[in-house]
Amino acid sequence: MDEEYDVIVLGTGLTECILSGLLSVEGKKVLHMDRNDYYGGDSSVNFVPNQSPPTDLGRDRDYAVDLIPKFIIASGELVKILVHTDVLRYLEFKQIAGSFVYKNGKISKVPSTEVEAARSPLMGLFEKYRAKKFFEFLQGWKEGDPATHQGLNLDKDSMRKVYQHFGLEPGTQDFIGHALALYLDDDYINKPARETYERIVLYTTSMARWGKSPYIYPLYGLGELPQSFARLSAIYGGTYMLDKPIDEIVLNKDGSFAGVRSGAETVRAKMVIGDPSYFGAGKEAEGGKLRVVEDGKVVRAICILKHPIPGTDESDSVQIIIPQNQVNRRNDIYIAMVSSTHKVCADNIYVAIVSTIVETSAPENEIQPGLHLLGSIYDKFVTVSPIYTPVADGKQDHIYITRSYDATSHFETVVEDVQAVFKRVMGKDLELKKRESDVEQ
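Residues numbered from 1 in each chain as written. Predicted model: local features only at pLDDT ≥ 70, side-chain atom pairs only at ≥ 80, totals over all residues. Heavy atoms only, no water.

Peer 1: So, the sheet that holds strand β8 (residues 106-109): which residues are in play, and what are the values?
Peer 2: By way of backbone hydrogen bonds, the strands of a sheet pair with one another, either parallel or antiparallel. Taking strand neighbours across the sheet as the criterion, the seven strands line up as β8-β7-β15-β16-β17-β14-β18 in an open arrangement whose pairing is mixed. The open sheet has two edge strands, β8 and β18 (379-390), and neither has a second partner. On average, each strand axis in the sheet is tilted by 20° relative to the strand beside it, whichever way the strands run. When strand β14 (residues 292-305) meets β18, the two strands line up antiparallel, connected through eleven bridges. For Lys297, the partnering residue across the bridge sits in β18 and is Pro386. (Pairing = 2+ DSSP bridges. Helix = DSSP H or I, 4+ residues; strand = E, 2+ residues; numbered from the N terminus. Axes fitted to C-alpha atoms, helices over the stretch in contact; angles between N-to-C directions.)

Right, dumping it as structure tokens:
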């Protein structure tokens, strides 16, 4: 460990592995270290620590349960990165069978065709007509043609004004903002409509790609993603060290990053990128310097089922969103369910994860509306994880810290963090090659 590197990356979560791969492709000399002897960090796969599953649940090796499950949006930024880096060649995907939303005490499928939209119980007859006009407006929008704007300015007018322009009911606004634009809360409604427009277009183009739902999921679980980016980094000369304790972040006299000490060995580099757990998350500030702060908590319940979720047409995999207004909350509740179709559990077993951002002192009670939808639960495992955010952008001391995973059930926020850190490190935007993706189903 006496070499000097351009970048040291600490932790093998997906965010860190994507950055490691991208920087290696950019020609950076990368050393990637993890205190654990496996890839994945907080998002790693496991069944129950130090336990084997009960015999009626099959064999231990049948399971690859993601502790922080997220689906991949078919036309989203993560797929673009997979295509850009050619990491797709290491992965196989299956489509998620359906996307559902909770309204008025029951769940309904998010329509994926005009026929489904016409039959959907999510809206009444007249509201369907108004919603149709809204979606036609979005599909017909052309930047340089004011005739398609209907007097609205997406960069200045709020989403609330757009909703009012089309006379959409609050329940329809919930459906659009949370099930299509995938917002966690309602803060977006008073902001310029541009981002919401782009999010809805992303959802609809992803849905149009294969129908049924806009989501895909890798066979054998999300643990395949960081390992695939690790392979990419290695191809471009990156060095990996697992099971390597990180004892000290070594600083220069001016407080900037100098290197990392593991036992008696110190390795030096120009900069470091790492997840919050390597920079004092959950502990007192190292050397009096506070590097990360807690920005909320996420509660997750991993639930083992012996049946599909009721009301989902016997789907082998689904996403269900419970908009916050439907259950008098500030944040949505997410349900992500996968099964043996995705090679993550034994046959005839279903794994559902219910998650939300904690708002009270009784986190498990907050996910009860989601647990109630699952039907009979064979077993469940509840965790509460802090969300850590870096206090500085890293430009001054060359210490770039990633964010903890949030409660969303997709990867777009993870990719936003990747893009932001990449820009701070490289001084330029991440430019992705425009190539046709070939995602195997």
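Peer 1: An account of helix α7 (residues 194-210) is needed here, citing residue identities and associated values.
Peer 2: Helix length check: α7, at 17 residues, gives a terminal C-alpha distance of 26 Å against a target of 24 Å (1.5 Å per residue), a fit within 8%. The set of residues buried in α7 consists of Arg194, Thr196, Tyr197, Arg199, Ile200, Tyr203, Ser206 and Met207. Summarising the contacts, the buried residues of α7 are in contact with β5 (72-73), β7 (98-103), α4 (125-140), α5 (159-166), α6 (170-180) and β9 (215-218). With its phi angle positive at about 80°, Gly211 sits one or two positions after the end of α7. (Expected span 1.5 Å × (residues − 1). Buried < 20%, exposed > 50% of the residue type's maximum accessible area, 1.4 Å probe, protein only. Contact = heavy atoms within 4.5 Å.)

Peer 1: Talk me through the sheet that holds β9; I want residue IDs and the actual numbers.
Peer 2: Spatially, three strands are ordered β5-β9-β6 in an open sheet, and the strand pairing comes out antiparallel. The sheet is open, and its two borders are formed by β5 and β6 (93-95), each paired with just one other strand. Of the strand pairs in this sheet, β6 and β9 are connected by three bridges, and their pairing is antiparallel. Each residue of the ladder has a partner; that of Phe93, found in β9, is Pro218.

Peer 1: Can you lay out the packing of helix α2 (residues 77-85) against helix α11 (residues 412-426) for me, pointing to particular residues and giving the numbers?
Peer 2: Two elements in contact, α2 and α11, have axes whose closest approach is 8 Å; the angle formed by their N-to-C orientations is 55°. Judged by the inter-axis angle, α2 sits oblique to α11. Each of Glu77, Leu78 and Ile81 in α2 lies in contact with α11, whose residues at this interface are Glu412, Val415, Val418 and Gln419. When its residues are assigned to classes, the contact of α2 with α11 shows four nonpolar, one polar and two charged. (Parallel < 35°, antiparallel > 145°, perpendicular 65-115°, else oblique. Nonpolar A, V, L, I, M, F, W, Y, C, P; charged D, E, K, R; others polar.)

Peer 1: Kindly report on the pattern of salt bridges, identifying the contributing residues and their values.
Peer 2: Applying the stated criterion across every chain, the model contains 23 salt bridges. The salt bridge partner of Lys70 is Asp406, with a shortest N-O separation of 2.8 Å. Pair noted here: Lys70 is in the loop between β4 (65-66) and β5 and Asp406 is in the loop between β19 (399-401) and α11, with a separation of 336 residues, a long-range link. The two residues Lys70 and Asp406 agree in class, both being buried. The shortest N-O distance in the salt bridge between Glu364 and Lys380 comes to 3.5 Å. Residue Glu364 is located in helix α9 (residues 363-366), and its partner Lys380 is located in strand β18; the two are separated by 16 residues in the primary sequence. (Salt bridge = Lys/Arg side-chain N within 4 Å of Asp/Glu carboxyl O.)

Peer 1: Quick one: what's the story with the side chain of Asp62, residue by residue and with numbers?
Peer 2: One can find Asp62 in the loop between β3 (45-46) and β4. With near-sequence residues (within four places) excluded, Asp62 lies in contact with Lys343, Val344, Cys345 and Ala346.

Peer 1: Explain the environment of Val272 to me, and be specific about the residues and the numbers.
Peer 2: Mapped onto the secondary structure, Val272 falls in strand β13 (residues 265-274). Along the sequence, Val272 and Tyr63 sit 209 residues apart, while their C-alpha atoms lie 34 Å from each other.

Peer 1: Now, about the pairing of strand β16 (residues 333-339): what can you tell me, with residues and values included?
Peer 2: In terms of residue burial, β16 counts as a mostly covered element, since seven of its seven residues are buried. Neither face of β16 is left uncovered, since the one carrying Ile333, Ile335, Met337 and Ser339 and the one carrying Tyr334, Ala336 and Val338 both have all their residues buried. Note: strand β15 (residues 318-322) against β16, five bridges, orientation antiparallel. The residue bridging Ile321 from the neighbouring strand is Tyr334, located in β16.

Peer 1: Which residues make up the confidence of the model for the protein, and what values go with them?
Peer 2: Mean pLDDT over the protein: 88, with 92% of residues reaching 70 or higher. When mean pLDDT is taken per element in the protein, helix α10 (residues 368-373) scores highest with 97 and β3 scores lowest with 52. (pLDDT = per-residue confidence, 0-100.)

Peer 1: Talk me through the pairing of strand β1 (residues 4-10); I want residue IDs and the actual numbers.
Peer 2: Burial runs high along β1: six of the seven residues are buried. As judged from the six bridges shared by β1 and β13, these two strands associate in the parallel manner. For Tyr5, the partnering residue across the bridge sits in β13 and is Ala269. Alignment of β1 against strand β2 (residues 30-33), held across four bridges, turns out to be parallel. Looking across to β2, one finds that Val7 is bridged to Val30. Running through helix α1 (residues 14-25), the crossover from β1 to the neighbouring parallel element β2 is right-handed. (Right-handed = clockwise from strand over helix to strand, strands pointing away.)

Peer 1: Mind laying out the packing of aromatic side chains, listing which residues take part and the relevant values?
Peer 2: Taken as a whole and assessed by the stated rule, the structure comprises eleven aromatic pairs. Ring geometry for Phe134 versus Phe135: centroids 5.2 Å apart, planes at 70°, classification edge-to-face. On the accessibility criterion, Phe134 (0% relative accessible area) is buried. The interplanar angle of 5° and the centroid separation of 4.3 Å between the aromatic rings of Tyr183 and Tyr188 together place this pair among those described as stacked. Each member of the pair, Tyr183 as well as Tyr188, carries the same accessibility label: buried. The structure contains a cluster of three or more aromatic residues connected by ring pairs, namely Phe134, Phe135, Phe137, Trp141, Tyr163, Phe166, Tyr183, Tyr188 and Tyr197. Seen from the ring of Tyr5, Lys29 lies directly overhead, with NZ or CZ sitting 5.1 Å from the centre. (Phe/Tyr/Trp six-rings, centres within 6.5 Å; stacked < 30°, edge-to-face > 60°. Lys NZ or Arg CZ within 6 Å of the ring centre and 35° of its normal.)

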